[in-house]
Amino acid sequence: MAPAPIRTAVFPVAGLGTRFLPATKAMPKEMLTVVDRPLIQYVYDEAKAAGVEKFIFVTGRGKAVIEDHFDIAYELEATLRERDKLDRLEEVHSAQPGAGAVSFTRQQEPLGLGHAVWCARELVGNEPFALLLPDVLVHSDPGCLAQMIDVYTDNGGGNVIAVEEVPEDQTHQYGVVEIDGEGDVFKVTGMVEKPPKGTAPSNLIITGRYILQPEIFDLLEKTEKGAGGEIQITDAMLAMMDSQVFHGLRFKGHTYDCGSKVGFLAANVAYALDRDDLAAPFHAELKRLLGL
Ligand code: UTP
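Residues numbered from 1 in each chain as written. Predicted model: local features only at pLDDT ≥ 70, side-chain atom pairs only at ≥ 80, totals over all residues. Heavy atoms only, no water.

> What am I meant to see in the pairing of strand β10 (residues 185-193) here?
Within a regular strand, side chains alternate between the sheet's two faces. Two strands pair when backbone bridges link them, and strand β9 (residues 175-180) and β10 are joined in this way by 6 bridges, in the antiparallel orientation. What sits directly across from Ile 179, in β10, is Val 188. Between β9 and the antiparallel strand that follows it, β10, lie 4 residues; Gly 181 among them carries a positive phi value of about 125 degrees. Across 3 bridges, the pairing between β10 and strand β12 (residues 246-250) is antiparallel. The residue of β12 that forms the bridge with Val 185 is Leu 249. (Pairing = 2+ DSSP bridges. Helix = DSSP H or I, 4+ residues; strand = E, 2+ residues; numbered from the N terminus.)

> Looking at this structure, how should I read the packing of helix α3 (residues 74-82) against helix α4 (residues 86-94)?
Each packed pair of helices is defined by two parameters, the angle between the axes and the distance between the axes. Where α3 contacts α4, the two axes come as close as 8 Å, and the packing angle between them is 155 degrees. The orientation of α3 with respect to α4, classified from their angle, is roughly antiparallel. Relative to α4, α3 is oriented so that their crossing is left-handed. Contacts between α3 and α4 involve Leu 76, Glu 77, Leu 80 and Arg 81 on the former and, on the latter, Leu 86, Arg 88, Leu 89, Val 92 and His 93. (Axes fitted to C-alpha atoms, helices over the stretch in contact; angles between N-to-C directions. Parallel < 35°, antiparallel > 145°, perpendicular 65-115°, else oblique. Left-handed = near helix turned anticlockwise from the far one by under 90°. Contact = heavy atoms within 4.5 Å.)

> In this structure, what is going on with the packing of helix α10 (residues 261-273) against helix α11 (residues 279-290)? I would like to understand it.
For the pair α10 and α11, interaxial distance at closest approach is 8 Å and the crossing angle is 135 degrees. With respect to each other, α10 and α11 are oriented oblique. Seen from α10, the contacting residues are Val 269, Ala 272 and Leu 273; seen from α11, they are Ala 279, Phe 282, His 283 and Leu 286. Of the residues that constitute the contact of α10 with α11, the class distribution is 6 nonpolar, 1 polar and no charged. (Nonpolar A, V, L, I, M, F, W, Y, C, P; charged D, E, K, R; others polar.)

> I tried to follow the state of the cysteines on my own but got confused; where do I start?
Disulfides are covalent bonds that connect the sulfur atoms of two cysteines. Considering all chains together, one arrives at 0 disulfides under this definition. Cysteine Cys 258 is unpaired, with the sulfur of Cys 144 as its nearest cysteine sulfur at 14 Å. Judged by its relative accessible area of 0%, Cys 258 falls in the buried class. (Disulfide = S-S within 2.5 Å. Buried < 20%, exposed > 50% of the residue type's maximum accessible area, 1.4 Å probe, protein only.)

Okay, here's the thing in structure tokens:
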């Protein structure tokens, strides 16, 4: 029997974004712009392209602009139409979800990613779902989530985690998996959040894309604070491994950690160089800046 389709995606957007202060004092980190689209738009597009129909955002105080971003802006649309800026209007329309496709819930306190996901339990219901962290952009075609759904389908369901390799001296900053197998798809047998230096079970880190079964919510409810004093999704996934299968996918594509300044700046350069309308003039400008 085919596994239940992945129709729902959860986007946790309630974090404080402290690494980007003061930019994130009054503006959500997830609205930071890579070229001309906010981060949250890229991950929404990735989920939509993978077949997701229901988009759930876990927001917090100061994040209302994310709701506005996904709403219809009547005045703007009327003005664009009046001024005959139809290509801009089309751009706005294509970024917009259909009526009733998005829902918002609040994480009242930023107690950690695991807690943010738990806040979406009623909206997700009893079905498997995708979890996408908006500050991680994956530059790939097909998108990372679409690649993961293929793995999910080929393996008859279960849970899937996107992983990528990092140099061993960086593993202590991430969630790290222990694996059984080789190649691009393998069983995940363990995981640990931010392991102390020299103790990581591999150099494969969890990269911000997950397909999870709904049983994760009961485990999140019982999960105590972990690394960094936050409720960690990694701890709940580890507990779920006793009863459920997890596959890891070494996906095709390049990741930009836009929660860090260097990753965010690199994403802007990479995505600009990938744009037909910008590549040539931007390349020339980069050469000038680098003195080449
Ligand atoms: P991060 O840990 O990268 O985001 O969480 P942060 O805490 O906002 O950033 P810094 O470290 O202070 O700069 C990854 C994603 O999970 C969300 C964030 O909004 C981000 O999109 N998140 C994190 C929550 O929704 N709630 C939380 O309690 C923590």
